[in-house]
Amino acid sequence: MISSTDDPENLHPIDFRFPMADGACLTEHPRLYQTIKRYARWVRDDRYAKVDNASVHATLVRNLIKTARYLSENGIYSFSEFTPYLVEQFVEFARYGTEAVLGASEKMRAYVARVEGQTDAKCDLHGGFPTLGMRPEAGNCVPKHRVDFLDYQAVGTEIGLPGSQIQYCPQARWHLVNAAVKYGVKVTTPPADEMPEIANVTVQNLTTWLDPIEGLYAMGDVIGPDAVQLRPFPQGLSTVAKAKGTGTVRTPTPSPRLALYFMEQAAIWVTEHASSLIAAYERVAKHYHQSKRQPGTTVSDFTADDELPFEVSIHQRQRGHDLALGTAIKYLMAACFIIIATFTARRHEEILDLRLGCLRGNDRDGYFLKIYIEKTLQRKEWIPVPNIVARAVEVLLRISERARAATGSNRIFLYSSIKSGNEKHFSFTIRSILNEFAKFVEVPFPKQVGDTVPMPWHWSPHQFRRFFAILYYYRWHGASINVLAHHLRHFDSEMTRVYITRDPEVAAIWTDAEWGFTLATARAIVANRDTGGGMGKKLGAYAQRIKDKMRQMVSVIDPREVATRLKAIMQRSHIVLTPKPWVDCSCPRSRSAAQRAQCRKGKELPKDVVGPDFSAANPTVCKDCPWALISSSKMQHYDGEATELEFAVASSARAGTLFGNLEASNLVSLNEVRESRAGRSGDVSLLDVADEA
């Protein structure tokens, strides 16, 4: 029992008899047990923490016990082996609370499947699920009206966790209760119709998970050799908590490669398929509203076959047709949603509430979209968007025209039925159509940890808030997104980044994506060792030093661990990665960095100037910059630039002119970079290592 400093009667118990992954209790693992006991003793010491409240004290220790259980799942029974790489992995679980840290949902699904499999063979009274009446002491301790109720303690024993923890694991409890009630087992609270989503914990809650880890590092002098040996949060615990402890629900993040593919397919639908599909939609609807339905009528009766991107039927999917017209229109609206979500990073409810008059601007001067910022500003804000978003809004305006006229609504995510008689109008819902659309456009199946074969990705509207950050960081790294690239050629993505990160939640998502990109960059450097550019060579040397030091310590050289340590060096150096077509700029936002940047060479810097000047940056300027990172994925841009210059230099009209001499000099500079990267097309792709992250 522990009590509050100023209230001795405020008592909170701590139970150290928590099962580890091997089935033994924490108390049977002395290195873990003694470390946690020492932490519980010293966390009240002013030198390490200022904890006076018994509830806070108990929460910190209980979370550290669960952290020990997490480590034991990885075969680790000492906090001294809690390396920066493992800490990063742990944070991704801790941000979703107890259920994710303990892996309770996965354990419960396996338990339920096992019990139901045995039930089919044995036909037990309660389907094999334990009830309170099955306890040996049931006759003495359990009231008669409770004997058929589910025994959570017995279930906990089966899955290797305390039964008391199931109440803190909503998905695990849902799987259990949903299965048990089918066999007549009674429960206090019946299951919901749908499985609950796991909430992303708050910043304050996440801090209670991470603070003990930081404490085990700070208390190294009193805890001894089993303390955390390397600083767990080089960028600061509060920074990590703010970035990872903000969100709504647990939404798995698709890999950059997967996200970029889906973006590209959405762009193709909006720019290439929309006109013909909407034309067919309008003609068919007009015909059916003016005359009776005639059996055998097809879309081909109203539209030439070569106008449509694929075979389309009118009412339902038919043999020889790829898609029903009504479904195609909903897929087109889904594509519009994806494009808008990608460039605004808004919540799906805010996007679906877009209204008539939400777009202003033109192709020459650019466009702005007016959208409601619900949770922070609580007002509508104009956000700069590329032309392709304008195309998506225009498509939605055409699709919703009849529904808006009939209902009087000014919302643009509306559509109408294609039926004779009474026309019906509907509000578009994105949840029900996303995965169907992804399947139709053949989004690749990723192979995740634990999968024996690639499995379909489950898409959720929440995931699209991250898409713009993915596009911003990864679009120049071997991704084939030609349609998007065409529409983004004059778009200032940096300006949009500034606008959308005014929302603290989006800013946290952005920081999370930035860290992921930094880690992917570090992994690529560790794998390639010969990344070009001033900073590429410097970081390559750092990576080699880390490996050499690990060899001296007789440590196993795990590339992931090397990359995590290299990432920590990059963050301590205040490196800010900004992707460009020809380089990844790593210039920090400081005056001293600006003075060394090639893009500011020869310029007198005002006092308030920091970082690079991208308006003066280009391939020939950046190639000699100490902040440049040049990988093989950038060579496509250098090849294109060199081809254009070769044509210009070969022109007799330019020979001997000032411009001709400048172009010839630039061509020499570009070829130097191309030759230095020759034969390295086999370098590890940043998208490949991002997929592994």
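Cut-off values and rules
- Residues numbered from 1 in each chain as written.
- Predicted model: local features only at pLDDT ≥ 70, side-chain atom pairs only at ≥ 80, totals over all residues.
- Heavy atoms only, no water.
- Helix = DSSP H or I, 4+ residues; strand = E, 2+ residues; numbered from the N terminus.
- Buried < 20%, exposed > 50% of the residue type's maximum accessible area, 1.4 Å probe, protein only.
- Contact = heavy atoms within 4.5 Å.
- Areas by Shrake-Rupley, 256 points an atom, 1.4 Å probe, with all protein chains shown as cover.
- Core = buried A, V, L, I, M, F, W, Y, C linked by side-chain atoms within 4.5 Å.
- pLDDT = per-residue confidence, 0-100.
- Patch = residues over 30% accessible without salt bridge, like charges linked within 9 Å, V, L, I, M, F, W, Y side chains within 5 Å.
- Salt bridge = Lys/Arg side-chain N within 4 Å of Asp/Glu carboxyl O.
- Lys, Arg positive; Asp, Glu negative; His and termini not counted.
- Charge placed at Lys NZ, Arg CZ, Asp CG, Glu CD.
- Pairing = 2+ DSSP bridges.
- Expected span 1.5 Å × (residues − 1).
- Bend = angle between axes of the 7 residues up to and from the residue.

Caption draft 1: A look at the overall build of the chain. Of the regular secondary structure elements, the chain holds 27 helices and 12 strands. Here the chain holds 693 residues, and the buried ones make up 49% of them. Considering only residue pairs separated by 6 or more positions, the chain has 66% of its internal contacts joining residues 24 or more positions apart. For the chain, the accessible surface area stands at approximately 33200 Å², while carbon and sulfur atoms represent 50% of it.

Caption draft 2: Geometry of unusual backbone geometry. The residue Glu442 is not glycine, and still its phi comes out positive at about 60°. With respect to the secondary-structure elements, Glu442 resides in the loop between α16 (434-440) and α17 (467-474). Of the residues examined, Glu442 reaches a relative accessible area of 61% and is grouped as exposed. Phi is positive for His574, which is not a glycine, with a value near 60°. Along the chain, His574 turns up in the loop between α22 (559-572) and β10 (578-579). For His574, a relative accessible area of 59% corresponds to the exposed category.

Caption draft 3: Here's a closer look at the nonpolar core. Counting 119 residues, the largest nonpolar core has Phe262, Trp269, Ile340, Phe413 and Trp459 as the members making the most contacts within it. With 17 residues, the single largest contributor to this core is helix α12 (residues 256-290). Contacts of Ile340, omitting those with residues within four sequence positions, involve Ile351, Leu354, Leu369, Val389, Ala392, Val393, Leu396 and Phe413. Core analysis: the second largest hydrophobic core is formed by 71 residues, Ile2, Ala68, Val187 and Val228 among them.

Caption draft 4: Examining the confidence of the model for the chain more closely. Averaged over all residues, the pLDDT of the chain equals 82, while 81% of them reach at least 70. Per-element averaging of pLDDT across the chain places helix α6 (residues 138-141) at the bottom with 55 and helix α1 (residues 30-42) at the top with 94. Throughout residues 678-682 the model reports pLDDT below 50, and contacts reaching past four residues in sequence, or to other chains, amount to three contacts.

Caption draft 5: A negative patch on the surface, seen in detail. A surface patch of negative charge is lined by Asp6, Asp7, Glu9 and Asp52. What makes Asp52 partly exposed here is its relative accessible area of 31%.

Caption draft 6: Region of the structure containing the pairing of strand β2 (residues 7-12). As paired elements, strand β1 (residues 2-4) and β2 share three bridges and run antiparallel to each other. Residue Ser3 lies in a different strand from β2, and its bridge partner there is Leu11. The turn joining β1 and β2, which pair antiparallel and follow one another in sequence, is formed by two residues.

Caption draft 7: Representation of helix α15 (residues 387-407) in the model. Over its 21 residues, α15 runs 29 Å from end to end, which matches the ideal 30 Å to within 8%, given 1.5 Å per residue. A maximum bend of about 55° is found in α15 at Ser400. Listed in full, the buried residues belonging to α15 are Ile388, Val389, Ala390, Ala392, Val393, Val395, Leu396, Ile399, Ser400, Ala403 and Arg404. Phi turns positive one or two residues past the end of α15, at Gly408, with a value near 80°.

Caption draft 8: Layout of the sheet that holds strand β12 (residues 628-629). Pairing is antiparallel in the open sheet, where three strands are placed in the order β10-β11-β12. What marks the edges here is a single partner per strand, and that holds for β10 and β12. By the bridge criterion, two bridges tie strand β11 (residues 584-585) to β12 in an arrangement that is antiparallel. Opposite Cys585, over in β12, you have Ala628 as the bridge partner.

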